[in-house]
Amino acid sequence: EHRRLEGKARCRSARCAPRACPGGGCRGPARGDVCGRAGQPDRGPGGCSTWRCAAARRAPPGDDVEGARADVLAFAEGVRAGSFTDVINIGIGGSDLGPAMAVRALSPDHDGPRVHFVSNVDGAHLADTLRGLDPATTLVIVASKTFTTLESMTNARSARAWLGGHAADNMAAVSTNLAACAEFGVPAERVFGFWDWVGGRYSLWSAIGLSLAIAIGARRFRAFLAGAAAMDRHFREAALEENLPVLFALAGIWRRNAMGWPTVALIPYDQRLERFPAYVQQLEMESNGKCVTQDGSAHPCATGPVVWGEPGTNAQHSFFQLLHQGTDVIPVDFIAAARPRDADTEHHRLLLANCLAQSAALAFGRAQAADRLAPHRTFPGDRPSTTILHRQLDPFALGRLIALYEHKVFTMGAIWDINSFDQFGVELGKALAQRLAPVMRGEDGADAGLDQSTAGLVARIRELEG
């Protein structure tokens, strides 16, 4: 029964997609259209629909979303027209995964400065990025909602030191903490704020998307927003039996709760979507990785699945052995475009042939003629997958695809009665890291009260350092 449901979702998605984008073409809603989430105000805890809504009519009073967007895009166009050759976006989590994924996905649309991303507090990440760059022609954007995140601020201070005398003119910031930006030395005219109702993993549509706007320009960035707004409208208006995010969410609920499968593999057959699995991994696992309901009660059933993946066809030569013949059933979500942007047509035909072949092999398997190797060469089949097809990966299509996943995650959270817009689970590790930083610096007495396991690891590190 589960496999039949999966098959219906796949076939229905193919039929319904043109309705979400009439005529199959990429045409966004009229600029005055109001778009938003079903079942909650447009501003919502995540705030993503308001940012991509053209008129932003439902933004909280006093929050000038259109004005903020205009400032961001005007600055982006100024950078593109100026003398900067490189831009470095420093951020982590939602301030990195979304922009980095989208900049990579839309690489054929780049006609601005080269854009780089630094997220890891491991100094190698920053050092490798800075190698070969010129401080005089490099703009550093510090993207941090709170402007207090350990990794981002550590990297920001090091980047500021690298810029040297150019720091005053070559730094910008994206943050809700405007006072901290000023204290750090970023001039007010190069600080782009947003509001606390914009969740980090839903913030790509906001000023956090500045690096993307610099890479592809304001016109294409607005097309990106229009694609997301089209999916917003579809989610809000389409009947449930034709509503793509709802169908996608129900398939996910069936997989997780009816069938008990704890993980899903996300396989885009598009090399430029290589960062999309990591982006969706944060979106789903940080949003729905909760063990209590909204009233604080222990949740009676399993919630968010583990999401992971790599692009096809590389993934076929890595872990597909387990997908086809392993002891665990792992549902797969495939993503593919009918047309390439600038790749050779024959390459793309082979790419699509592999995508469809993997879907068919998972579904139907193969019985092997009786011989001593038959048990080893038999594919059991009956393993579920969903295939998402779109015409071509361009700004509009990417915006629509991201919004599909956002609304899917929201719908699953609503069904589970969990808060998909908090992330308290990340706080303990951050607090402990702050506690351990003085220990790693060797400050006197800092290691007092450490648990035995951590104290043992610290001692071993000190031995290895020597």
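Structure: above.
Residues numbered from 1 in each chain as written. Predicted model: local features only at pLDDT ≥ 70, side-chain atom pairs only at ≥ 80, totals over all residues. Heavy atoms only, no water.

Section: helix α10 (residues 244–258)
No. 1: The end-to-end C-alpha distance of α10 is 20 Å, a good match for the 21 Å that 15 residues give at a rise of 1.5 Å each.
No. 2: All of the buried residues in α10 are Leu244, Pro245, Val246, Leu247, Phe248, Ala249, Ala251, Gly252, Ile253, Arg255 and Arg256.
No. 3: Just downstream of α10 lies glycine 260, where phi reads positive at about 75°. (Helix = DSSP H or I, 4+ residues; strand = E, 2+ residues; numbered from the N terminus. Expected span 1.5 Å × (residues − 1). Buried < 20%, exposed > 50% of the residue type's maximum accessible area, 1.4 Å probe, protein only.)

So, the layout of surface pockets
No. 1: Of the voids in this model, the largest pocket is the one considered here, and its volume is about 660 Å³.
No. 2: Lining the largest pocket we find 31 residues, and of these Lys145, Gly200, Glu286, Gln423 and Lys430 sit closest to its centre.
No. 3: The set of elements that each furnish at least two residues to the lining of the largest pocket consists of α6 (150–163), α11 (276–288) and α16 (427–441).
No. 4: When the residues that make up the lining of the largest pocket are grouped by side-chain class, the tally is nine nonpolar, 14 polar and eight charged. (1 Å grid on protein atoms, 1.4 Å probe; cavity = no way out; pocket = protein on both sides within 12 Å on 5 of 7 lines; lining within 4 Å. Points joined across faces, edges and corners; volume = space filled by probe spheres on them. Nonpolar A, V, L, I, M, F, W, Y, C, P; charged D, E, K, R; others polar.)

Some thoughts on empty space enclosed by the protein
No. 1: Counted according to the given criterion, the structure contains three cavities of 30 Å³ or more.
No. 2: At the level of secondary structure, the elements contributing two or more residues to the lining of the largest cavity comprise α10, β6 (263–268) and α15 (395–416).
No. 3: Classifying every residue of the lining of the largest cavity gives five nonpolar, two polar and four charged.

With respect to the packing of helix α4 (residues 97–105) against α11
No. 1: Across the interface, α4 lies against α11 with an axial gap of 9 Å and an inter-helix angle of 155°. Classed by the angle they form, the pair α4 and α11 counts as roughly antiparallel. Relative to α11, α4 is oriented so that their crossing is left-handed. Touching Leu97, Gly98 and Met101 of α4 are Phe276, Ala278, Tyr279 and Gln282, all from α11.
No. 2: A breakdown of the residues in the contact of α4 with α11 according to their chemical character gives five nonpolar, two polar and no charged. (Axes fitted to C-alpha atoms, helices over the stretch in contact; angles between N-to-C directions. Parallel < 35°, antiparallel > 145°, perpendicular 65-115°, else oblique. Left-handed = near helix turned anticlockwise from the far one by under 90°. Contact = heavy atoms within 4.5 Å.)

Considering the pattern of salt bridges
No. 1: For the coordinates displayed, the defined rule picks out 18 salt bridges.
No. 2: For arginine 80, the salt bridge goes to glutamate 77, with nearest N and O atoms at 3.4 Å. Remark: glutamate 77 and arginine 80 occur in helix α3 (residues 65–81); sequence separation between them is three residues, near one turn of the helix.
No. 3: A relative accessible area of 21% means that arginine 80 is categorised as partly exposed.
No. 4: Since its relative accessible area comes to 32%, glutamate 77 is described here as partly exposed.
No. 5: Arginine 341 is paired through a salt bridge with aspartate 109; the nearest N and O atoms lie 2.8 Å apart. With arginine 341 in the loop between β8 (332–337) and α13 (345–364) and aspartate 109 in the loop between α4 and β2 (114–118), the pair connects residues that are 232 residues apart, well separated along the chain.
No. 6: Arginine 341 sits in the partly exposed class, given a relative accessible area of 29%.
No. 7: Residue aspartate 109 is classed as buried on the basis of its relative accessible area of 6%.
No. 8: Via salt bridges that share partners, Glu77, Arg80, Asp109, Asp111, Arg220 and Arg341 belong to a single interconnected network. (Salt bridge = Lys/Arg side-chain N within 4 Å of Asp/Glu carboxyl O.)

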